[in-house]
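# Analysis of the macromolecular model
The lines below spell out each chain.
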Amino acid sequence: MSTSTSAILGLIFLGLANASVFLMFKLWGYPFDKETHKSEAPSSLMLLHRLIGYAYAILYVFMMWHMVPRLWNYQVELPPRTVAHLMLGITIGVLILVKIAILRFFRHFEEAMPYIGTTLLICTYLLIGLSVPFTFREAALRTQTAAFSEEGIARTRKLLENAGLSSEAPLDQLASKRKLREGQHVLQRKCVVCHDLRTILAKPRTPTDWVRLVNRMAIKPMIGEPIHQEEEWTVSAYLIAITPDIQVSAREQRQERMRVEEAKEAAQIATVAMETETVAVPYNEAEAKALFEDKCSQCHPLTDVEDYPPRSAEETTEVIARMIDTGLYLEEEEIEIITRYINENYLDQ
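Calculation criteria
Residues numbered from 1 in each chain as written. Predicted model: local features only at pLDDT ≥ 70, side-chain atom pairs only at ≥ 80, totals over all residues. Heavy atoms only, no water. Helix = DSSP H or I, 4+ residues; strand = E, 2+ residues; numbered from the N terminus. Buried < 20%, exposed > 50% of the residue type's maximum accessible area, 1.4 Å probe, protein only. Contact = heavy atoms within 4.5 Å. Areas by Shrake-Rupley, 256 points an atom, 1.4 Å probe, with all protein chains shown as cover. Core = buried A, V, L, I, M, F, W, Y, C linked by side-chain atoms within 4.5 Å. Lys, Arg positive; Asp, Glu negative; His and termini not counted. Salt bridge = Lys/Arg side-chain N within 4 Å of Asp/Glu carboxyl O. Axes fitted to C-alpha atoms, helices over the stretch in contact; angles between N-to-C directions. Parallel < 35°, antiparallel > 145°, perpendicular 65-115°, else oblique. Left-handed = near helix turned anticlockwise from the far one by under 90°. Nonpolar A, V, L, I, M, F, W, Y, C, P; charged D, E, K, R; others polar. Patch = residues over 30% accessible without salt bridge, like charges linked within 9 Å, V, L, I, M, F, W, Y side chains within 5 Å. Phe/Tyr/Trp six-rings, centres within 6.5 Å; stacked < 30°, edge-to-face > 60°.

Each helix and strand in the protein chain was counted, giving 17 helices and two strands. The buried share of the protein chain, reckoned over its 349 residues, is 39%. By sequence separation, contacts in the protein chain at least 24 residues apart represent 79% of the contacts at least 6 residues apart. Accessible surface for the protein chain amounts to roughly 20,800 Å². Of this, 59% is attributable to carbon and sulfur atoms.

In structure tokens form, the structure reads like this:
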């Protein structure tokens, strides 16, 4: 069941709960004979209330039938929101069983029905409130991400060529909205069996590193369903596609840490290379530009450098060192050439 279908069913479930409870309040306003357990409420309203109750119970069973197996294949340590969601689902199931038992076998407890119905409504609101808003937020963010734009897909297609995928991988198909969606679903269904998404998406990686990481995870012993080769391709393509978004998130976190701590971590790789190099590295503007575009576009759009230019030569060194730290491989000469190119063309004067 897709997340959008689950959200729609959740809203229907909430609507049935509201209709059932408020109709129950109306029915309990009619005279009621406690000895015979008969109400003077119109039979049509009684029938409608019963049908709504059946629909509510059937929809509950249907959703649990699809969701419980997913929990079985989920990571061992469940996130707090998932635990709360699960506990509310169990509570609703128990209340439904108690309600059915009273109606069928223990009519002397019938006066407790309004309290049980109200508790069901509260639990339903909490259950839907913990899931549906996040589903709609995810859908909204999905439409806003650059990964599914024409520019993002073209970028992904270009990067896939040198990402180290098998020669059998259909690169044109992988760089499409449909396959990227499939990769997203693989990430959400299978990768979270062993990992929290926050750890998976903690930092950007180069295309080659994403492919290697996914392959390494796929061949490990798994708790749930194995990741097949085609799924490896699709999830790798998706991770490559969203790397610019991960880069933005990582940059914002770094900026926040810098504002709080005002700590600089200067990587000495480029500095040492330039200080100790006795022979000048040949520099050609056109070749430097091509090298810069090829290397720096692997993890983020080139417009990031224009939007957030370094403020000093030292900051240029730090930026390049961070890129190396996240998996970008550069020779010492390449570090010096890219550093010079950025300082001459992007340094914030």
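Core analysis: the largest hydrophobic core is formed by 32 residues, its most contacted members being Phe 13, Tyr 56 and Ile 92. Listed by contribution, the elements that provide at least two residues to this core are helix H1 (3–27), helix H2 (43–72), helix H3 (80–104) and helix H4 (113–129). When residues in this core are grouped by element, the largest group, ten residues, is from H1. The residues touching Phe 13, leaving out its near neighbours within four places in the chain, are Tyr 56, Leu 59, Tyr 60, Met 63, Ile 92, Thr 124, Leu 127 and Ile 128. Leu 159, Leu 165, Val 211 and Ala 237 belong to the second largest nonpolar core, which has 29 residues in total.

Looking now at the side chain of Lys 295. Note on placement: Lys 295 falls in helix H14 (residues 285–296). Here Lys 295 occupies a buried position and makes no salt bridge, while the nearest side chain of opposite charge, Glu 334, is found at 4.3 Å. The residues contacting Lys 295, other than those within four sequence positions of it, are Leu 328, Tyr 329, Leu 330, Glu 334 and Ile 338.

Now for the packing of H3 against H4. Following both chains from N to C, one finds H3 and H4 inclined at 155°, their axes separated by 10 Å at the closest point. With respect to their mutual orientation, H3 and H4 come out roughly antiparallel. The interaxial crossing formed by H3 with H4 has left-handed handedness. Here His 85, Leu 88, Gly 89, Thr 91, Ile 92, Leu 95, Ile 96, Val 98, Lys 99, Ile 102 and Leu 103 of H3 come into contact with H4, specifically with Met 113, Ile 116, Thr 119, Leu 120, Cys 123, Thr 124, Leu 126 and Leu 127. Among the residues making up the contact of H3 with H4, the classes are represented as 13 nonpolar, five polar and one charged.

Further remarks concern a nonpolar patch on the surface. A cluster of nonpolar side chains, contributed by Val 83, Met 87, Ile 90, Val 94 and Val 98, occupies part of the molecular surface with about 400 Å² of accessible area. For Val 98, the location among the structural elements is in helix H3. Val 98 sits in the partly exposed class, given a relative accessible area of 36%.

Take the environment of Gln 173 next. By the element assignment, Gln 173 lies in helix H7 (residues 171–174). For Gln 173, a relative accessible area of 44% translates into the label partly exposed. Along the primary structure Gln 173 and Arg 157 are separated by 16 residues, whereas in three dimensions their C-alpha atoms are 9.1 Å apart.

Moving on, we come to the packing of aromatic side chains. Applying the stated criterion to the full structure yields seven aromatic pairs. For the pair Phe 13 and Tyr 56, a centre-to-centre distance of 4.3 Å together with 10° between the ring planes defines the contact as stacked. In this pair, Phe 13 sits in helix H1 while Tyr 56 sits in helix H2, placing the two residues 43 residues apart along the sequence. A single burial state applies to Phe 13 and to Tyr 56, both of which are buried. Consider the rings of Phe 292 and Tyr 341, whose centres lie 5.1 Å apart with planes at 40°: the pair is tilted. Taken together, the residues span a long stretch of sequence, with Phe 292 in helix H14 and Tyr 341 in helix H17 (residues 332–345) at a distance of 49 residues. One exposure class covers both Phe 292 and Tyr 341, and it is buried. Ring-pair connections join several aromatic residues into one group, and the members of that group are Phe 13, Tyr 56 and Tyr 60.

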